[in-house]
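Listed here are the chains, written in short residue letters.
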Amino acid sequence: MTVAAISWSAANARRMERQFLRNPAKPGEAGPGEVVDAMLAAQAQVLSAAELSVGLRMDGATRQDVRDALWGEEPSLVKTYGPRGTIHFLPVSELPMWTGALSAIPGGPSPFKAGERLTPSQTDEIVAAIGEALDGARLTIDELSEEVVARTGPWAGDLVLPAFQGMWPRWRSVMHVAGHRGVLCFAPNRGRKVTYTRPSAAGSEEPPQPLSAERATGRLVRRFLYAYGPATPAQFAKWAAAPPGWATEVFASLSAADEIETVEMTTETETGTGPRPETKTKTRADGASSAWVVADDTEFPEEPVRGVHLLPYFDAYVIASHPRARLFPGRAYERALAGGQAGNFPVLLVDGVVAGVWHQRRSGRRLTVTVEPLEPLAAGRRAELEGQVERVGEVLEGQPELVVGPVTVGAHA
């Protein structure tokens, strides 16, 4: 249906539909590369969580399917530094957009002290050295460090960066920049050691050629709005860790070119409690607000989301969807967010909104999945939850056991 004023429920239903949460992709419909492309990107600092994020969106898929898409003979995914400078899976087919856009997003103030920072020319020198060292090679961090220092100078190897158990060399402060510029990505582990290589473009052994900054950022905004719109420049800026003013300028440019348009979002207020409170839609005079969609992309599902879902740490849906207060209603806002930040807890969704948290602990093939609903689940909901736990076990190739009770571990445990 095409609507003049869009409710949050309709927007939410479309988001879940477009990224294969409402209906997982059937075999042959979409592989891991296409699924991650629909999500826009999959945060992968916890590898098992990223495998689960992708696998749950594909009917019958397992973590091995995701690994094959990363490390197989014809990879459709690459693991590298993505939005917010965080490790992500990105679709190989969209690397020109990602490398062009991520390189164009203005950075914030340096977190390092004056004596630890690199000048722009030093950054360029190190990134070039990383690209040369990784061309056709797979190197551990120590091997890469030796190559970078040999190509630049001892200054790049100065141990000035505070690390977990010691100090890191200066050059490592721009590893994410190398990822953003398309000269570094993760390769398969060598035993227990992480290795790095240089990414290749889809269907080629050559590195991806970035799109121009204007084309890449415009495409990224349109892709974000298609997946998570209606959305505002501030919401895009938060997702991309970009300056809000810069995001506003990009949106204005796309609007002037008739590539995006505004729609009215109705304001819904809760009139009940529980995981799916009843809502009352306010009129425009009561506070409907404007948000952006891709031009002419104004069709939304008529039916709201129904059903139970389990989403892992840092799932793209909870990180990118706004407003937070609607996705995390009532008690969920305190229980399932970490200081307002989404993704630090795996979440239970009931009818498209966060209704609890969960945690899984593995011992061999045994998976104990503890789910903490914020409201009691009816028998039908419990049966759906059991089905979701079975699916988690299938994706992670384990034997699952459901425990309904308090989750005692903290955020990002």
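For the structure itself, consult the block above.
Residues numbered from 1 in each chain as written. Predicted model: local features only at pLDDT ≥ 70, side-chain atom pairs only at ≥ 80, totals over all residues. Heavy atoms only, no water.

S.K.: It is not clear to me how unusual backbone geometry should be interpreted in this structure. Could you clarify?
M.R.: Excluding glycine, most residues fall at negative phi; most peptide bonds, likewise, are trans. With an omega dihedral of 0°, the bond running from Gly229 to Pro230 counts as a cis peptide bond. Within the element layout of this structure, Pro230 appears in the loop between α9 (213-228) and α10 (233-240). Omega for the bond connecting His322 with Pro323 falls within 30 degrees of zero, at -5°, which places this linkage in the cis form. Position of Pro323 among the secondary structure elements: in the loop between α12 (316-320) and α13 (324-327). In the Ramachandran plot, Ala241 falls in the positive-phi region, its phi being about 55° despite a non-glycine side chain. The class of Ala241 is partly exposed, set by a relative accessible area of 48%. Of note, the phi angle at Asp258 is positive, near 60°, even though the residue is not glycine. (Helix = DSSP H or I, 4+ residues; strand = E, 2+ residues; numbered from the N terminus. Buried < 20%, exposed > 50% of the residue type's maximum accessible area, 1.4 Å probe, protein only.)

S.K.: Looking at this model, I keep getting lost on the packing of α10 against helix α11 (residues 244-256). Mind explaining?
M.R.: Packed helix pairs are characterised by how far apart their axes lie and by the angle those axes make with each other. With their axes 8 Å apart at the nearest point, α10 and α11 run at an angle of 125° to one another. Classified by the angle their axes make, α10 and α11 are oblique. Between α10 and α11 the crossing geometry is right-handed. Contacts between α10 and α11 pair Pro233, Phe236 and Ala237 from the former with Pro244, Trp246, Ala247, Thr248 and Phe251 from the latter. (Axes fitted to C-alpha atoms, helices over the stretch in contact; angles between N-to-C directions. Parallel < 35°, antiparallel > 145°, perpendicular 65-115°, else oblique. Left-handed = near helix turned anticlockwise from the far one by under 90°. Contact = heavy atoms within 4.5 Å.)

Spatial relationships are all this shows, so hold off on functional conclusions.
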